[in-house]
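Spelled out, the chains give:
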Amino acid sequence: MANLSGAVRTQRRSWLKPGTWHLRTRLVLVAMALLVAICAAIGLFSYASMDSFLTRQLDDQLTGAADRARDFGRPPLGSAGNKPDPLEGRGQRVGTLVARIQSGEVSAGFLASDATRKTLSAADNQTLLELRRDGIPVDRTLSTGAYRLVAAQTPYGDVMVTGLPLADKQSTLTSLVWTITIVSLGGLVLIGLAGTVLIRRTMKPLEQLSEVATQVSRLPLDAGEVALAVRVPPSNAHPGTEVGSVGHALNQMLDNVSNALEARQESEMKVRQFVADASHELRTPLTAIRGYTELMRMTEKFTPDGQRSLARVQSQSERMTALVEDLLLLARLDEGQPLKLSDVDLTQLVIETVSDEKVMAPDRAWHLDLPEEPVSLRGDASQLHQVLVNLLSNARKHTPPGTTVTTGVMRSADGSAVITVTDDGAGIPPEFVDKVFARFARADASRATPAQSPLAPAAAAAKASAAGGAMALRTADSRGESGASHGEPGTASAEGTSGLGLSIVQSIVQAHGGTVEVTSRPGRTEFAVRLPAQGTAPSS
């Protein structure tokens, strides 16, 4: 059985595919990305500006320190003795580095935090010897830390190297980076939350439009009276805005659809009323035809050919009566007349109906597939019996002798009752499976009705009588019987069909809140009726 589980597969959104995200999510993320880019640009610009400013400031301080070191370290006039230590000059701050290079010898030191002179390592002295002596400040990392250094030739022949530590500059830049980072993150969080709220409020009208469209999509618009009262609120249907224009267009479309549905419903009601009235009115004359035909057979004497013609009239009137009864039943079902609910034992109902079919068609193999426990539900017993009769007669009429027909009853996992009718006949043509439940649906004319017109034997009899030949009458009648006994190839039934049996099955099942489906392939055709429990009756 196909699709009896009723499961519906839903498509999940993937966070790895931005195209599946909500529009508000994408707007918030885009806004956050732009803010991150802006904050990063501002941070980089601020860092570069502060670095340039502090470097210029440090270079000015370095120039002053170099001038003081050069002036204080000048040898006394007329003296070739020891030269003064530049670090002992006035105005030199803690951390200042001064080195004198004379004849390749380096005499260097720096002022420690306790204002005492500290010497440098040999590696630091080598670094100072490698400096260019053009007076341009450069950054170097020594054992005591990072320094801004400048080397220049003095008027008295020495090379004086002066340096100031970069710790203050680096500390200031680090503080700036942390400040920018914290302020940017805080701003991003606040703006993200505020932006999310604002975007949600802005997108609310679109969500209402989506809700209206979803409600309309869930309405059963295919048949019956439809109350299409769902509309976009006036506040979201003002054509002055983009969203309002969409809402206004949606309301106009819904108005147009509602008018079309009302016109369709009115037309359907007229057709249904006509069918019901016509079927009701035809019952009386058809009953009269059958009564008078039976009366003539009992009171009048006819020739053998006349008896056969009268039998044909009676059989066709009975067939017409059955067709009218089917049309009247469909009309009542379309009107939605209430069901006569009672506790129905489906298992017993299937047994009785299959037993009746065995009597009518003993040349088929009728099998039962029943559960150990009876399957019962609340329903209309007479209509459910009609469903079984139509399904079994459909299998009987459209399969050849020797076909195996299996009728089964079961209880599904969700508590619904499932009835199946399966045969191993030739199957239904693939192009006709989707139309099998339509009214007056027939795979071809030969399957639906006898090839010969119901009045053909009588017309042939009249023609033969006028010609004075009894042989012609028998020949015409034989053609009529032959035409009535042949269906489509592979069909051994002599019964014609109106194409309403399966339509009645579908209408009755839907009136009970159930579904009916068909699957067919060569060698297996299965009709599956699924009925909700609706309060299971006690088993008998």
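On a predicted model such as this, the values are computed, not experimentally measured, just so you know. (Residues numbered from 1 in each chain as written. Predicted model: local features only at pLDDT ≥ 70, side-chain atom pairs only at ≥ 80, totals over all residues. Heavy atoms only, no water.)

Trainee: Explain the overall build of the protein chain to me, please; I cannot follow it from the model alone.
Mentor: Across its full length, the protein chain carries 12 helices and 13 strands. By residue count, 36% of the 540 residues in the protein chain fall in the buried class. For the protein chain, contacts bridging at least 24 residues in sequence account for 65% of all contacts bridging at least 6. Element-wise, carbon and sulfur atoms account for 58% of the exposed surface of the protein chain, whose accessible area totals about 31,100 Å². (Helix = DSSP H or I, 4+ residues; strand = E, 2+ residues; numbered from the N terminus. Buried < 20%, exposed > 50% of the residue type's maximum accessible area, 1.4 Å probe, protein only. Contact = heavy atoms within 4.5 Å. Areas by Shrake-Rupley, 256 points an atom, 1.4 Å probe, with all protein chains shown as cover.)

Trainee: Would you mind showing me how to read the sheet that holds strand E10 (residues 404–411) here?
Mentor: In a beta sheet, neighbouring strands pair by backbone hydrogen bonds and run either parallel or antiparallel. Spatial strand order, E8-E10-E11-E13-E12: 5 strands in an open sheet with mixed pairing. At either end of the open sheet lies a strand with only one pairing partner, and these are strand E8 (365–369) and strand E12 (515–521). Sheet twist, expressed as the average angle between the axes of neighbouring strands with direction ignored, equals 15°. Bridging between E8 and E10 involves 5 bridges; their strand directions are parallel. Note that in E10 the partner of Ala365 across the bridge is Thr404. Sheet strands in contact with helix H6 (residues 346–360) are E8, E10 and strand E11 (417–423), and its direction is about 175° off that of E8. (Pairing = 2+ DSSP bridges. Axes fitted to C-alpha atoms, helices over the stretch in contact; angles between N-to-C directions.)

Trainee: Help me out: how do you make sense of the sheet that holds strand E4 (residues 138–142) in this one?
Mentor: Sheet architecture is open: 6 strands sit in the order E3-E2-E1-E6-E5-E4, paired in antiparallel fashion. With one partner strand each, in any of the chains shown, strand E3 (117–119) and E4 form the two edges of the open sheet. In this sheet, neighbouring strand axes are inclined to one another by 30° on average, regardless of whether the strands run parallel or antiparallel. For strand E1 (residues 97–102) and strand E2 (residues 105–111), the ladder comprises 6 bridges, and the chain directions are antiparallel. Across the sheet, residue Arg100 finds its bridge partner in E2, namely Ser107. Helix-sheet contacts for helix H1 (residues 23–72) involve E1, strand E5 (145–153) and strand E6 (159–165), and the interaxial angle to E6 is about 140°.

Trainee: Could you clarify how one ought to interpret the nonpolar core in this entry?
Mentor: Across soluble globular proteins, nonpolar side chains show a tendency to be buried alongside one another. Of all hydrophobic cores here, the largest spans 40 residues; its most connected members are Leu346, Leu391 and Val529. By residue number, the principal contributor to this core is helix H7 (residues 381–397), which donates 6 residues. Counting residues in each nonpolar core, the second largest holds 15 residues, with Ile101, Ala112, Leu128 and Val161 among its members. (Core = buried A, V, L, I, M, F, W, Y, C linked by side-chain atoms within 4.5 Å.)

Trainee: Just checking my understanding: could you explain the side chain of Asn394 for this structure?
Mentor: Positionally, Asn394 belongs in helix H7. Of the residues examined, Asn394 reaches a relative accessible area of 17% and is grouped as buried.

Trainee: Just to check I follow, could you spell out the pairing of E2 for this structure?
Mentor: Where a strand is regular, its side chains alternate between the two sheet faces. Between the antiparallel neighbours E1 and E2 lie 2 residues, among them Ser103 with a positive phi of about 55°. As paired strands, E2 and E3 are joined by 3 bridges and run antiparallel to one another. By the bridge assignment for E3, Leu111 is matched with Arg117. Here E2 folds back onto E3, and the loop between the two strands holds 5 residues, one of which, Ala115, carries a positive phi near 70°.

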